[in-house]
Amino acid sequence: MGKQPKKQRTEKNGFAAESIFVTDPVLLPKVRAFLRARVLKPDLRRWIQRAASFGHLAIGSVYIILGTVAFAATFVAGVRAVGFHGALRRLLESHAGAVFLVAIGLGLMADGVWQGLRAAFNTDMTDPGLRGYLDRGNWMVSGLIHLGLGLVAIKLAIGIGQKSNESELKRWTQFIMPMEFGGWLIVGAGIVAIIVGIAFIRRSMKGDIDRWLDLTLLTQPYRLLVISLGRFGTAARGAVFIVGGALFVLAAVHVNPQEAHGLGGTLRIIESQHFGKLLLACVALGFIAYGIFELACARYRRIRIPPDNG
């Protein structure tokens, strides 16, 4: 017989429980009961559900701003495509921009906390196999990114200067590249980004954009519209991941940190290609579509905290 996975033990307030990070990703009954009784009380559940929905609103808003600026860059002189930090700075320049930035920052941080809970407790009861672990890893990484972006938004709103994501990325690439196996680390990061991009495009083609979205309350035309927006937006994100990953690989091959680009730089590289403005316009519209899809998720996505049965 094969070896059984070794289970970890944790102690909390005298409560001995098997670790939730074992082969079976569904919380053990005793742990679920403990969380329901001691931690996730009904009032707290409602607040977490509202925070998760608020997070979708913030993410959607950021993507709409990002896509709008990128689309304007295709036909307005002096406007250039930017990344997430640049989009937040653009928002700050608008009327009442600081207020909007604080709201978006809080929403992004709320989503970061929600994604962490979602990954740690497998609230969506994803598959116990490889796909389940990849989903949960993706949620955790997304949560950390959104927490960081939320902090940047709030710092910008209160006047604390922030270095651009593009310059920070080049600085870190320049720091890692001379290390032993540093070039391979950068190549690995690029390959991971390419794989993520391919996965996004594959999900878009299959229509697997959000397995927890419940559109039964919508009529068929509106349901198709929301799904189409999600598929288009997911494909656009996938294309940008692939290009950005390829730029990382080229930076390592050419031993040139300046060839590594964040989101804003990747969009500008796309624009500089043959028919680049048309390509950038398609990506920009995809970002706007994804933003609208996230707004729909704020209303129609099922938020489970954690499963009450099973």
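Sequence order as written defines residue numbering, which begins from 1 separately in each chain. Thresholds applied to this predicted model are a pLDDT of at least 70 for local features of residues and 80 or more for the giving and counting of side-chain atom pairs; totals over whole chains, interfaces and linings are not thresholded and use all residues. Computation of side-chain values: all heavy atoms of the structure, hydrogens and water removed.

(A) Main features of the pattern of salt bridges. Definition used for salt bridges: Asp or Glu carboxyl oxygen within 4 Å of a side-chain nitrogen of Lys or Arg. Applying the stated criterion to the full structure yields four salt bridges. Here Arg-171 makes a salt bridge to Glu-168, at a shortest N to O gap of 3.1 Å. Of this pair, Arg-171 and Glu-168 both sit in helix α6 (residues 165–176), three residues apart, which is roughly one turn of that helix. Comment: elements are numbered from the N terminus, with helices defined as DSSP H or I runs of at least four residues and strands as E runs of at least two.

(B) Region of the structure containing unusual backbone geometry. Of note in the backbone geometry, Val-255 takes a positive phi value of approximately 50° without being a glycine. For Val-255, the location among the structural elements is in the loop between α8 (220–253) and α9 (263–271). When a residue's accessible area, from a 1.4 Å probe over protein chains only, is under 20% of the maximum for its type it is buried; when over 50% it is exposed; and in between it is partly exposed. Classification of Val-255 by relative accessible area gives exposed; the value is 59%. A positive phi angle, close to 60°, is found at Phe-275, a residue other than glycine.

(C) Examining the nonpolar core more closely. For the purposes of this section, nonpolar cores are sets of buried Ala, Val, Leu, Ile, Met, Phe, Trp, Tyr and Cys residues that join through side-chain atoms within 4.5 Å. Within the largest apolar cluster, 39 residues are counted, with the highest numbers of intra-cluster contacts made by Leu-88, Leu-267 and Phe-287. The set of elements that each furnish at least two residues to this core consists of α2 (42–72), α3 (84–92), α4 (97–121), α5 (130–157), α8, α9 and α10 (276–300). At nine residues, the largest contribution of residues to this core is made by α10. In contact with Leu-88, other than residues within four places in its own chain, are Val-62, Leu-101, Ile-104, Leu-149, Val-152, Ala-153 and Leu-156. Residues Met-177, Ile-186, Val-187 and Phe-248 belong to the second largest nonpolar core, which totals seven residues. Pairs of residues are marked as contacts when any of their non-hydrogen atoms sit within 4.5 Å.

(D) Broad picture of the packing of α8 against α10. Axis definition: a line fitted to C-alpha atoms, over the contacting stretch in the case of helices. Angles run 0 to 180 degrees between N-to-C directions. Between α8 and α10, whose axes approach to 7 Å, the crossing angle comes to 130°. Between α8 and α10, the angle falls in the class oblique. Along this stretch, α8 crosses α10, giving a crossing that reads as left-handed. Between α8 and α10, the residues in contact are Val-226, Leu-229, Gly-230, Phe-232, Gly-233, Thr-234, Ala-236, Arg-237 and Val-240 and Cys-282, Val-283, Leu-285, Gly-286, Phe-287, Ala-289, Tyr-290, Ile-292, Phe-293 and Ala-296, respectively. Broken down by class, the residue content of the contact of α8 with α10 amounts to 14 nonpolar, four polar and one charged. Put simply, angles under 35 degrees are roughly parallel, angles over 145 are roughly antiparallel, angles from 65 to 115 are roughly perpendicular, and the rest are oblique. Take the far helix as the reference: if the near one is turned anticlockwise from it by less than a right angle, the crossing is left-handed, and if turned clockwise, right-handed. Residues are grouped as follows: Ala, Val, Leu, Ile, Met, Phe, Trp, Tyr, Cys and Pro are nonpolar; Asp, Glu, Lys and Arg are charged; all remaining types, including Gly, are polar.

Everything listed here is a matter of coordinates, which is why it stays silent on function.
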